Amino acid sequence: MIWNLAKLCVRSIAFVLLLLGIGLASGAAVAASPADATRHCAGRFVNPITGPCWDCMFPLSVGGIPLFKGTRPDAPNPSSPICFCGTPVPRVGLEVGYWEPHRLMDVTQKPFCFVNLGGVSISPGIGYGQKTSVQNSDGRGDRTAYHVHYYVYPLLAWMEILTDFVCMEQSSFDVAYITEFDPLWNSDELAAIINPEVFLFSNPIAVMACAADCVAATATGRPIQQMFWCAGCQGSLYPMTGQVTGQYGALPGALQVAERFTAKMHRELLAFGTRGSLSLCAPIIQPTMDKLQYRYQEIYPVAHKGRLACNAIGKSTVPYEAGKVYPVKGEDLGFLIWRKRNCCAL
């Protein structure tokens, strides 16, 4: 009952924020126009068979024992293979750890350009409009801003790859979040409402410290969990908005925005913790994102596969970013988000 009340409160807060965003955006000077929304919007529907890098599902483990190691570092698992749960049904089971593709994400500078819906533009005539990019003479982005669209995409449940119904997210495809209506996403100042600690990390020392997180994520595949404000080689997770500065290339900037948006979803209690012993029976409320819980696979314009795909938060994009973004039809990016799941399976 407490869990249901918590979900009801979260949905109510999200609805209020959406109404607030619509109200502010409808009167904003940067209101979206149909002309903005149709500017070179490109994309494609994700092929559920050939699009995902299925190697990213591994390692698959029972307790602390890996059954299928795969080629990527795993997040830590509970050590005991036996687990006990009282909800939703009393059970004694095996602790199973795996990675699941569970969300899709568009990252675009064009308002209402739905990359993972085939590149369709759907503009209601209101909302925050065209995002702009300013480049310095050395090619570094002085300031770039992105919109994000967030889709529910529980692919393993649809394909019945793992059949234990308790572990699977039983939901359908849905467009869950559109940042064009969110004033907190489009203003660094308003975003401080949900991340007031941003003032502690808006200084050169905190940003430079992220270099250690970059090295750890790149060398070991595991970012430093204690450096919760860092996105490793992509920079800082703060502020939790679509405004990024000092980026080199479209892919690192878009990836940083995707990581920030995931952190924002946790802060708004719209994303939950699914890794570790506390989440074996059900996802837990987690206002600060677990950086070890996520992997990001570029799905558009290039479906990135192979050993370098599905990277941890903060890992360097230098070894693989060449050719992953190209002009006109390859400027908008789509990501498939893989989530670590520890579950008490029957």
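Just above sits the structure.
Here the structure is a predicted model, which means the values were calculated and not measured.

Peer 1: Describe the overall build of the protein chain, and please don't skip the residues or the numbers.
Peer 2: Along the protein chain, the regular secondary structure elements total 7 helices and 16 strands. The proportion of buried residues among the 346 residues of the protein chain is 53%. Expressed as a percentage of contacts within the protein chain between residues at least 6 apart in sequence, the contacts between residues at least 24 apart total 72%. Working note: accessible area of the protein chain is about 15,100 Å², and carbon and sulfur atoms make up 66% of it.

Peer 1: Could you give an account of the pattern of salt bridges, with specific residues and numbers?
Peer 2: For the coordinates displayed, the defined rule picks out 9 salt bridges. Put simply, D74 and K340 hold a salt bridge, and the shortest N to O gap is 3.0 Å. Note that D74 is positioned in the loop between β2 (65-68) and β3 (82-85) and K340 in strand β16 (residues 333-345), a separation of 266 residues in sequence. Each member of the pair, D74 as well as K340, carries the same accessibility label: buried. Between K264 and D182 there is a salt bridge; the shortest N-O distance is 2.9 Å. Highlighted residues: K264 in helix α7 (residues 250-267) and D182 in the loop between β10 (174-178) and α4 (188-191), separated in sequence by 82 residues.

Peer 1: Hey, could you go over helix α6 (residues 204-220) for me, with residue numbers and the actual values?
Peer 2: Along its 17 residues, α6 runs 25 Å from first to last C-alpha, staying within 8% of the 24 Å computed at 1.5 Å per residue. Within α6, the full set of buried residues consists of A206, C210, D213, C214, A216 and A217. A distance of 3.1 Å separates the backbone nitrogen of I205 from a side-chain oxygen at the start of α6, and that oxygen is part of N203. Residue G221 follows α6 closely and has a positive phi angle near 80 degrees.

Peer 1: Give me the lowdown on the state of the cysteines, citing residues and values where you can.
Peer 2: Structurally, a disulfide amounts to a covalent bond that connects the sulfur atoms of two cysteines. This model, assessed by the stated rule, comprises 6 disulfides. Residue C41 pairs covalently with C113 via a disulfide, S to S 2.0 Å. Disulfide C41-C113: the torsion about the S-S bond is 90 degrees, which places it as right-handed. Pair noted here: C41 is in the loop between α2 (34-37) and β1 (60-62) and C113 is in strand β5 (residues 113-114), with a separation of 72 residues, a long-range link. Taking relative accessible area as the criterion, C41 reaches 17% and is therefore assigned buried. Among the residues examined, C113 registers a relative accessible area of 0% and is labelled buried. Disulfide pairing places C83 opposite C344 at an S-S distance of 2.1 Å. Here C83 and C344 share a disulfide; its torsion about the S-S bond, 95 degrees, makes the bridge right-handed. Here C344 lies in strand β16 and C83 lies in strand β3, a separation of 261 residues in the sequence. A relative accessible area of 3% means that C83 is categorised as buried.

Basis of the calculations
- Residues numbered from 1 in each chain as written.
- Predicted model: local features only at pLDDT ≥ 70, side-chain atom pairs only at ≥ 80, totals over all residues.
- Heavy atoms only, no water.
- Helix = DSSP H or I, 4+ residues; strand = E, 2+ residues; numbered from the N terminus.
- Buried < 20%, exposed > 50% of the residue type's maximum accessible area, 1.4 Å probe, protein only.
- Contact = heavy atoms within 4.5 Å.
- Areas by Shrake-Rupley, 256 points an atom, 1.4 Å probe, with all protein chains shown as cover.
- Salt bridge = Lys/Arg side-chain N within 4 Å of Asp/Glu carboxyl O.
- Expected span 1.5 Å × (residues − 1).
- Polar contact = N/O pair within 3.5 Å; in protein donor to acceptor, adjacent residues only side chain to side chain.
- Disulfide = S-S within 2.5 Å.

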